[in-house]
Amino acid sequence: MNIMLFGAPGAGKGTQAKFLIEKYDIPQISTGDILRAAIKAGTVMGLEAKKFMDEGKLVPDSTIIGIIKDRLTEKDCTDGFILDGFPRTIPQAEALEKLMKGMKISLDRVISLNVPDDLIVDRITGRRVCPKCGASFHVEFNSPKVTDICDYCGGTLIIRKDDTAETVVNRLASYHAQTAPLFDFYSDRGIMVEVDGTKNVLEVKEDIFKILG
Ligand code: AMP
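These numbers come from a predicted model, not from an experiment.

Turning our attention to the site of the ligand. Contacts to the ligand come from 16 residues, most closely from Thr31, Arg36, Lys57, Arg88 and Gln92. One of the backbone nitrogen or oxygen atoms of valine 59 is found 3.0 Å away from a nitrogen atom of the ligand. With respect to the ligand, the side chain of arginine 88 contributes an N or O atom lying 2.9 Å from a nitrogen atom. Taken by itself the ligand offers 480 Å² of open surface, and the protein chains cover 96% of this. In terms of residues, the shell around the ligand owes the most to one element, helix 2 (residues 31-41), which gives four residues. Of the residues in the shell around the ligand, the class split is six nonpolar, four polar and six charged.

As structure tokens, this is what we get:
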């Protein structure tokens, strides 16, 4: 099964991806996680991307498409994958379509996690993430079992550098200008489904599981 999770930053894509990994045993492909790993490793691509990420802007399409081309051809993607945070622009979506066509595969479902902008700031400023496995938590709405420790891998949770009230403004602006048009792109292809992302984490998970069967 090839799934894409769609929604604003902080809508819960990463959190729900973790549940889908467990249920379907397919990998999560988060371009954000891949970029953060590249920054940590100090690669040229990572250092270039960092400038955009720190400002809450999108990294150029050519960089992102290159990352995805490499990642989708890895062996663990054979039985499917969960796209999280990609595509984020129409050119990225078109490149993905072309790439998947060449691989004789297609996206089965795009799940839109709908959360209004006024809730996003609280979601993002209360977010804590695991730098080891990429899991996301929230201090109030989805707290880890042990404060600041990842439920999945025991890593010490951190606050992402771009999870500030100031950066959220830019990230939401990029989302509305460049990413939101993908809603119509995938609706036109008949694979878009909407989920109320304001419900609690486990309710959203159940709604997604019902859709995917
Ligand atoms: P995320 O972890 O998905 O919130 O992504 C963090 C940041 O990485 C974003 O604010 C962008 O700067 C960059 N990024 C991640 N995925 C993409 C993408 N598909 N296209 C452009 N920039 C991206």
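Here we come to the sheet that holds strand 7 (residues 192-196). Read from one edge to the other, the open sheet built from five strands follows the order 2-3-1-4-7, with strand pairing classed as parallel. Of all strands in the sheet, those bounded by a partner on one side alone are strand 2 (28-30) and strand 7. On average, each strand axis in the sheet is inclined to that of its neighbour by 25 degrees, with strand direction left out of account. Bridge analysis of strand 2 against strand 3 (residues 81-84) gives three bridges, and the strand direction is parallel. Across the sheet, residue serine 30 finds its bridge partner in strand 3, namely aspartate 84.

Attention now moves to the side chain of glutamine 92. Following the sequence through the fold, glutamine 92 ends up in helix 5 (residues 90-102). According to the relative accessible area criterion, glutamine 92 is buried, its value standing at 2%. Leaving out residues up to four positions away in the same chain, glutamine 92 has contacts with Val59, Asp61, Ile64, Ile65, Phe86 and Pro87.

This part covers the packing of helix 2 against helix 4 (residues 61-72). Between helix 2 and helix 4, the shortest axis-to-axis distance is 11 Å and the interhelical angle comes to 100 degrees. By the criterion of interaxial angle, the relationship of helix 2 to helix 4 is roughly perpendicular. Every residue of helix 4 that contacts helix 2 at Thr31, Ile34 and Leu35 is listed here: Ile64, Ile67, Ile68 and Arg71. Here the residues of the contact of helix 2 with helix 4 are counted per class, giving five nonpolar, one polar and one charged.

Attention now moves to the nonpolar core. Within the largest apolar cluster, 50 residues are counted, with the highest numbers of intra-cluster contacts made by Leu20, Leu72, Leu83, Leu96, Leu107 and Tyr186. Sorting elements by how many residues they give to this core places helix 9 (residues 201-212) first, with five residues. Excluding its chain neighbours within four sequence positions, the residues that come into contact with leucine 96 are Ile68, Leu72, Leu83, Phe86, Pro87, Leu107 and Tyr186. By size, the runner-up hydrophobic cluster in this structure holds five residues, among which are Cys130, Ala135, Phe137 and Cys150.

Analysis parameters
- Residues numbered from 1 in each chain as written.
- Predicted model: local features only at pLDDT ≥ 70, side-chain atom pairs only at ≥ 80, totals over all residues.
- Heavy atoms only, no water.
- Near = heavy atom within 4 Å.
- Polar contact = N/O pair within 3.5 Å; in protein donor to acceptor, adjacent residues only side chain to side chain.
- Areas by Shrake-Rupley, 256 points an atom, 1.4 Å probe, with all protein chains shown as cover.
- Helix = DSSP H or I, 4+ residues; strand = E, 2+ residues; numbered from the N terminus.
- Nonpolar A, V, L, I, M, F, W, Y, C, P; charged D, E, K, R; others polar.
- Pairing = 2+ DSSP bridges.
- Axes fitted to C-alpha atoms, helices over the stretch in contact; angles between N-to-C directions.
- Buried < 20%, exposed > 50% of the residue type's maximum accessible area, 1.4 Å probe, protein only.
- Contact = heavy atoms within 4.5 Å.
- Parallel < 35°, antiparallel > 145°, perpendicular 65-115°, else oblique.
- Core = buried A, V, L, I, M, F, W, Y, C linked by side-chain atoms within 4.5 Å.

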